[in-house]
Amino acid sequence: MSITMAVNAGSSSLKFQLYTMPEETVIAKGLVERIGINDSVFKLEYGDDQEVKLVEDIATHDRAVEILFEQLEANNVIHSFDEITGIGHRVVAGGELFKDSALIDDEVIDQVDALAEFAPLHNAAEAAVMRAFKERVPNATMAAVFDTSFHTTLPAENYLYSLPYEYYEDFKARKYGAHGTSHRYVSRRAAEMLGKNIEDLKIITCHLGNGASITAVEGGKAVDTSMGFTPLAGVTMGTRTGDIDASIIPFLMKKLEINDINEMLNIFQKQSGLLGISGISSDMREIMAAKETNERAKIAYDIFINRVQKYIGQYIAVMNGVDAIVFTAGIGENSAPVREDVINGITVFGAEIDAERNDTRKEAVISTEASKVVVLNIPTNEEVEIAREVERLKANA
Ligand code: ADP
C-alpha cells in the first residue's frame, strides 16, 4: 500500500491525516496536543470508527512523532514504515524564499528553521517535526507546503506597506498572507465546479474560521490577501484584532501600564476579535446564539460581517470585477446566515443569494440563477491539498 501523510505541526500540537494515494481515501487521522505541557493527549481515529486516546507527558515534538509511529504500528494502521511513501508538512512561513511547495532535504529544513523570525510559534516546531520524520522514514518523499506560497504572486503594490522602502529591502518587512493552501484549493475547486478555466476567472475566496482571511484570485493567481506580515491583520477574527491603527499600540500601553510590547501583542492576538468585543466567546456559534439578547454579541457579529463585506468590496476594486465569491472554513462553510448577511449587504455588485440553495454545508452554488456573481460554498480540505502537493512534486522529481 502507498500511504501519504499530511502533517500539520503547531507550537504545541501535531495533527496528521493518512491517505492512500491516488485514491485520496482517508485511512487514519489524529492529533497530539499539549506537547511540552503536562498531560499531553494523543488521539488516533482509524478503520470503522476505532479510536485510541492516550494521556501522558510528551515533552518534545520528536517524542510526539515517535508515539505516532508506535501507535500506527500497534493498531495495524500500517504494517511497516515503508508503506508511508509520502509526507507533506504544512509550514506557516515560507517568506519570499518559497514560491512553491518544496521537496525536503537538510537545506530546506534549515531554511524553514531560519524563517522562524516570521512565525516564531510555528516554523521551529515544523522544522523539528521534519527532522523527526526524516529520521524514522528516510525513504519517504517529504514535501514542505507553505501557507504563504500561494500569495507570492501578489504584485508589489499589494504586498508592500507604506513604510520606508529600506525596511522591505533590509528586513523583508512586507505582507505575506496565510491560509494559502486553503485559498488555492477552493479557488481551483470553484473553477472546476463552474466548468471554467481558472485563468479566465476573478474569484474572491473567504476563508472564515477562527482565523479568517480573504484573497483576491485573478487568473488562478493570488493578487491580494487580507492577512499581512503575520496572521494578525485583515478581518476581525475569533480572538485577533484584524486591521487596526498602529498608533493605538503606544496609547493603550500607556493606559494599561504595559511595558512589554509582547504583552500588548498577546492582547491583540488572544483577547481581541469576537471574544474581546463580545466579552462572551471567540466561537461564532456562541456569538450567534447570544446576539438577539446581548448587545455586545450583536455588535461583534455585525463587525465581523462588515469587515468581510469591506474586503470583498476592496477586492472587487483590486481586480476591477468579480465572477465568483467562495465561502469556506468553520464559519464560511457551516453558517448559512453569515453567508446570507454578507451577500445581502453587497447586492450592488450583482450578487444574489438563493435562500434554499444556501441551506447547506456541502459544496454548492448558493446564488440565484440570475445572480451576476456566482456565490459558492466549498468546504476546504487543506490536508488533501497537502497530500496532492506531495504527489505532484514526486511526479515532477
Ligand atoms: P480554525 O481557524 O481554528 O481552523 P475553523 O475553521 O475550525 O477554525 O472554524 C472555527 C469557527 O467556525 C468557530 O468560530 C466556530 O464557531 C465556527 N463554526 C462552526 N460551525 C458553525 C456554524 N454552524 N455556525 C456558525 N459558526 C460555526
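In this text the structure is predicted, and so the values were computed from the model without any measurement. (Residues numbered from 1 in each chain as written. Predicted model: local features only at pLDDT ≥ 70, side-chain atom pairs only at ≥ 80, totals over all residues. Heavy atoms only, no water.)

### Quick notes on the sheet that holds strand 9 (residues 202-208)
And then number 1: If you walk across this open sheet you meet the six strands as 11-10-9-12-14-13, and the pairing is mixed. One side of each edge strand has no neighbouring strand; the edge strands of this open sheet are strand 11 (221-225) and strand 13 (364-365).
And then number 2: Relative to strand 10 (residues 212-218), strand 9 runs antiparallel, the two being bridged by seven bridges. Of the residues in strand 10, the one forming a bridge with isoleucine 204 is alanine 216.
And then number 3: Along the sheet face, helix 11 (residues 295-319) touches strand 9, strand 10, strand 11 and strand 12 (324-328) and points at about 160° away from the line of strand 9. (Pairing = 2+ DSSP bridges. Helix = DSSP H or I, 4+ residues; strand = E, 2+ residues; numbered from the N terminus. Contact = heavy atoms within 4.5 Å. Axes fitted to C-alpha atoms, helices over the stretch in contact; angles between N-to-C directions.)

### Looking at unusual backbone geometry
And then number 1: The peptide bond linking methionine 21 to proline 22 adopts the cis configuration, its omega dihedral lying at 10°.
And then number 2: Structurally, proline 22 is set in the loop between strand 2 (14-20) and strand 3 (25-33).
And then number 3: Even without glycine at this site, arginine 34 takes up a positive phi of about 60°.
And then number 4: Mapped onto the secondary structure, arginine 34 falls in the loop between strand 3 and strand 4 (40-46).
And then number 5: In this structure, lysine 172 takes a positive phi of about 60° despite not being glycine.
And then number 6: Inspection of the secondary structure assignment puts lysine 172 in the loop between helix 5 (165-171) and helix 6 (180-194).

### Observations regarding the side chain of arginine 339
And then number 1: The residue arginine 339 is located in helix 13 (residues 336-344) in this model.
And then number 2: Buried charge arginine 339 goes without a salt bridge, the closest partner of opposite sign being aspartate 359 at 6.7 Å.
And then number 3: Setting aside anything within four residues of it in sequence, one finds arginine 339 in contact with Phe327, Gly332, Glu333, Asn334, Ile353, Asn358, Thr360, Ile366 and Asn377. (Buried < 20%, exposed > 50% of the residue type's maximum accessible area, 1.4 Å probe, protein only. Lys, Arg positive; Asp, Glu negative; His and termini not counted. Salt bridge = Lys/Arg side-chain N within 4 Å of Asp/Glu carboxyl O.)

### Focus: the UniProt feature "binding site: substrate" (unreviewed entry) in the protein chain
And then number 1: The positions UniProt marks with the feature "binding site: substrate" (unreviewed entry) are Arg90.
And then number 2: In this structure, arginine 90 sits in strand 6 (residues 84-91).
And then number 3: Take arginine 90: its relative accessible area is 18%, and that puts it in the buried class.
And then number 4: Apart from residues lying up to four places away in sequence, arginine 90 is in contact with Val7, Asn8, Glu126, Val145, Asp147 and Ile386. (UniProt positions renumbered as here; feature names shortened; annotations may be inferred.)

### Here's the deal with helix 11
And then number 1: The terminal C-alpha atoms of helix 11, which comprises 25 residues, lie 36 Å apart, in line with the 36 Å expected from a rise of 1.5 Å per residue.
And then number 2: Positive phi shows up at asparagine 320, right after helix 11, with a value of about 55°. (Expected span 1.5 Å × (residues − 1).)

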